[in-house]
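Listed below are the residues making up each chain.
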Amino acid sequence: MSNFQILTSIYKTLLKTFGHQNWWPAETADEIIIGAILTQNVSWNNVEKAIINLKQYNLCTLEQIHHSNIDEIAPLIRSTLYFNRKAKKLQNFTEFLFTYYNGDVCKMFQTEIRTLRKQLLQINGIGEETADSILLYAGAKPVFVIDAYTKRIFTRLGLTRQNWNYAEYQKFFMKNLPEDIELFNDYHAQIVYLGKHFCKRKPLCDECPLNSFCERNKLSI
DNA sequence: GTCCAGGGCCTAC
DNA sequence: GTAGGCCATGGA
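Residues numbered from 1 in each chain as written. Chains lettered and ligands numbered in written order. Predicted model: local features only at pLDDT ≥ 70, side-chain atom pairs only at ≥ 80, totals over all residues.

**Q** Got a sec to walk through the overall build of chain A? Specific residues and values, please.
**A** What chain A contains, in helices and strands, is 13 helices and zero strands. The secondary structure elements of chain A, listed N-terminal to C-terminal, are α-α-α-α-α-α-α-α-α-α-α-α-α. Dimensions of chain A, computed from C-alpha atoms along their principal axes, come out at roughly 55 × 35 × 30 Å. Going through the 221 residues of chain A one by one, you find that 31% of them count as buried. A separation of at least 24 residues holds for 62% of the contacts in chain A among residues at least 6 apart in sequence. (Helix = DSSP H or I, 4+ residues; strand = E, 2+ residues; numbered from the N terminus. Buried ≥ 20, exposed ≤ 12 C-beta atoms within 10 Å, placed from the backbone. Contact = placed C-beta atoms within 7 Å.)

**Q** If you had to explain the domain arrangement of chain A to someone new, which residues and values would you point to?
**A** Split by domain assignment, chain A resolves into domain 1 (3–22 + 145–216) and domain 2 (29–138). Computed from C-alpha atoms alone, the centre-to-centre distance between domain 1 and domain 2 is 26 Å. Tallying the contact residues gives six residues for domain 1 and six residues for domain 2. For the side of domain 1 that touches domain 2, the residue count by class is four nonpolar, one polar and one charged. (Domains from an automatic or database assignment. Nonpolar A, V, L, I, M, F, W, Y, C, P; charged D, E, K, R; others polar.)

So this is what it looks like as C-alpha cells:
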C-alpha cells in the first residue's frame, strides 16, 4: 500500500469508529483563536473552564482582550497552566491583529496563506502548531496540524520518524492526502481523540481501533 | 504523592 | 542547531 492509501485508510477507520468530531469546539473564530493559544500543552478540560470564565467577564472576544490588561485576564485562565504567559500571548496576538488588520479577523484571513503563516509565527507565543490551528480551524485554510499525538502515533506506526521536525511531519501528511480542508479538519480531530483515549505516552492499549488495521496491513504499533 | 495533558520561548553549549 | 529548563493547573 502507498502512503496515500495508508493515510486514507487510517482516516476511514477512525471516522467509522469515532464518528465525525465536528471541530473546533467553539462558537466563533475569536474563540477558536483564544482556545488555540490556551490549549498549548494542556488538556481541553482546563481550557473549557477558562473560556467559561472569559465569557462570564465579557473577555472572550479578541477586541475585548485587546482592551483589557494581563492582570484582568490571567486570573480567569488559571486553569490553563502557565496562565501569566498565556495572558501575555493572547495580548500579543490581539496587538498584532489590531496593528496590521485593524482588529478584523476576516481581513486577516484574506492575506495569502504563506504570508499570513509567517506573520503569525513572528508573534511571541504563536508556534507552528498554534499558527496552523488558527489557519485551519478559524480561517478554513488547507494546512494540516501536527501535534504531539500525531508524532507519537504515526511514528509508532512506522510511517514517520521521531527526529523529524514539524515541517517534515506536515509535508508527509500534505503530500499524501488530497488538499481537502474538511479532511484536514476532521483528520487532526480524530488523531487527538485517538491519542486522548488510546495512545498516551505509554504503549497503545489492546482496545486501540488501529490494532486490527495494523494486523491487516502488517504494520506494527 | 506522581504523572502528564491538543507548546513555545529562552539560554547555554 | 539543539538539548534542557522554564512556565506552574487539574484530573487520573
